[in-house]
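As a plain string of letters, each chain reads:
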Amino acid sequence: MFRNLKYILFFILAFVFVLTTVSRTKKNSGDNKIHLVHADVLHMDRDRMPNVQVLNGKVHFVHGVSRLYCDSAYFYEESNSFRAFGHVRMYRGDTLSLTSDYAYYDGNDELAIARHNVVLKHKKRTLYTDSLNWDRAYGIGYFFDGGKLVDKDNVLTSDWGQYDTETNMAEFNYNVILRGKNMKVITDTLYYDTNRSEAEMVGPTDIYQKDAHIYTEHGFYNTETDQAELYDRTVIDREDGKKLVGDSVYYDSKTGISRAYRNVVYVDEKAKHQLTGNVLYYDDNIGYAYATDNATAIDYSQNDTLYMHADSMKLYTFNIETDSMYRKVHAYHKVRAYRTDVQAVCDSLVYNQLDSCITMYKDPIMWYDNQQLLGEVIKVYLNDSTINWAHVIGQALAVQQVPADTTRFNQISSKEMKAYFIDGEMHEGQAIDNVSAVFFPQNDADSSFIGMNTTETTLMKAYMSDRKLDKVWMPKASGTIYPLTQIPAGKEFLPSFAWFNYIRPINKDDIYVWRGKQQDKVLKTITRTLPPKHKLKVINK
């Protein structure tokens, strides 16, 4: 079996050799003879150097369409080759030239070995090296002792590489550095398309721009447009403290627009917030960002970090690069937020940095400790990311689970509600218009229940102390106090009572699990009639 395998491998290698030979023969078809056109002096020493013509002074060869010049040469006519010394110059048409101090040229294989001060010029590109092997048949030059390719405003250097004059492609390896007007690329393997001014980086790569550092392990960079397509967990780190990470990143440094996909993380270290998702669009010039597909916002500007998730999020920046700059965040739909001291759920949300206000729309619910607020719209005003006060508008309901008996709830419903906080703790609540309440007052001495109090009024102010109800103020009210054993059936709960503990986010990972209200608990839309508009009567004169 191994004998057969050996024959098969030998046959394959022989076949490849034949194909290569045939291919090179086709390339070399036509007159393949090197012709000596001129030399000032020609002599031969058949004893010491048989079959060698020694040429001096303005030596000129022609090989096909190529012209070759030098100061002196050894011409091996039988083997169709020569060695050239001093001011060696090779020309192919008017688009390619190769100069060096020394060269060996084989006319049969159309191979040139150029050494010392080698310069290859092709169209508008110039390759500098000290050792170059030039395959004239295929138009490829190989350097292996350091090389520099200059193309327009770009300079590409490496230890080893090659340049193809037919495809205008360059391959550079080991200690590769690409320098342009606005960037520097450092890598170990780089393919450069001189026609398109596009570099492909393979392997760990660092890209330096005037205000950013980019790390990638595979990508494309256009040196004319400064546009990049980057893959394999790319990181863009800016000097202003902003960082973008993604599995795939499309970046345009001129327009400041970035598009990132899969496991995207956008961090603003100065603002101390983070935006994640699987799709992110960011325009640095106008400060606009859009995240979707598992979008998450993280704010760590305070000791307690806020985590918020939604289907999509948008970030707007106003008066950018001025002292009056501020931002707005839009989150929609299925918004869930968690912080250890407060949690929230709603359909959509807007945060306005100008007035430090978070506005929650469509069935919003907010929890803090053992208390719950809900309504048609909830506005939360912040002071350095700490809750200052909250405003519940329309079908407002406040519920407090009584610590001494978790089956009982203090409840207030009204058209409008306001809650005021100190150091994140609620100290006053106001219920305004059509107020209904159910309370379970407790004895201060032993926290035993006194009874149940039902109240109706136009305004109620409740004051809290140590997270417990301290006192209640009302201008005029009607109500009843029931002993616990004599509470009428159905009186323990207001008609609008609802306790949404099953919806409440329990930790930062729970924000990704959407749990909506039960259908019978969703707030009904209330149509409000606007007053009729006054019409001005036109008097014709």
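Cut-offs used in this document
Counting restarts for each chain: residues are numbered from 1 in the order of the written sequence. The model is predicted, so local features are restricted to residues of pLDDT at least 70 and side-chain atom pairs to those at 80 or more, both for listing and for counting; the totals for chains, interfaces and linings are taken over all residues. Hydrogens and water are ignored here; the side-chain numbers use all heavy atoms of the structure. Only runs of H or I of at least four residues qualify as helices and only runs of E of at least two qualify as strands under DSSP, and these elements are numbered from the N terminus. It is over C-alpha atoms that the radius of gyration is taken, and the globule rule equals 2.2 Å times the number of residues to the power 0.38. We call two residues in contact when some of their heavy atoms are within 4.5 Å. With residues, only the protein chains shown are counted as cover, and all accessible areas are computed by Shrake-Rupley using a 1.4 Å probe. Side-chain atoms within 4.5 Å link the members of a nonpolar core, which is a set of buried Ala, Val, Leu, Ile, Met, Phe, Trp, Tyr and Cys residues. Note on classification: 1.4 Å probe, protein chains only; a residue is buried when its accessible area is under 20% of the maximum for its type, exposed when over 50%, partly exposed between these limits. Only protein atoms enter the calculation, which uses a 1 Å grid: trapped sets of points that fit a 1.4 Å probe without letting it out are cavities, open sets showing protein on both sides within 12 Å along at least five of seven lines are pockets, and any residue with an atom within 4 Å of a point is a lining residue. Grid points are joined across faces, edges and corners, and a volume is the space filled by probe spheres set on the points. Ten residue types, Ala, Val, Leu, Ile, Met, Phe, Trp, Tyr, Cys and Pro, are classed as nonpolar, four, Asp, Glu, Lys and Arg, as charged, and the remainder, Gly among them, as polar.

**Describing the overall build of the protein chain**
If you tally the helices and strands in the protein chain, you get one helix and 36 strands. In terms of overall size, the protein chain is more extended than a compact globule, its C-alpha atoms giving a radius of gyration of 40 Å where 541 residues would be expected to give roughly 24 Å. Restricting the contact set of the protein chain to residue pairs at least 6 apart, pairs at least 24 apart contribute 38%. Split by element, the accessible area of the protein chain, about 29,200 Å² in all, is 53% carbon and sulfur.

**A short note on the nonpolar core**
One broad trend across soluble globular proteins is that nonpolar side chains are buried collectively. Residues F61, L190, M360, M366 and V380 are the most contacted members of the largest nonpolar core, which totals 93 residues. With twelve residues, the next largest nonpolar core counts I365, W367, L374 and F497 among its residues.

**Some details on empty space enclosed by the protein**
Taken as a whole, this structure holds three cavities of 30 Å³ or more when the rule is applied. What lines the largest cavity is a set of 22 residues, among which Q371, A398, I412, M426 and A462 lie closest to the centre. Looking at the lining of the largest cavity, the element that brings in the most residues is strand β32 (residues 409–422), giving six residues. Here the residues of the lining of the largest cavity are counted per class, giving 14 nonpolar, seven polar and one charged. If you go around the second largest cavity, the residues you meet are I236, R238, K242, K243, L244, Y251, G256, S258, Y266, Y282 and D284. Contributions of two or more residues to the lining of the second largest cavity are made by β18 (234–238), β19 (242–246) and β21 (257–268).

**Some thoughts on the environment of D237**
Within the secondary structure, D237 sits in strand β18. Excluding residues that lie within four positions of it along the chain, D237 makes contacts with D211, A212, H213, K242 and K243.

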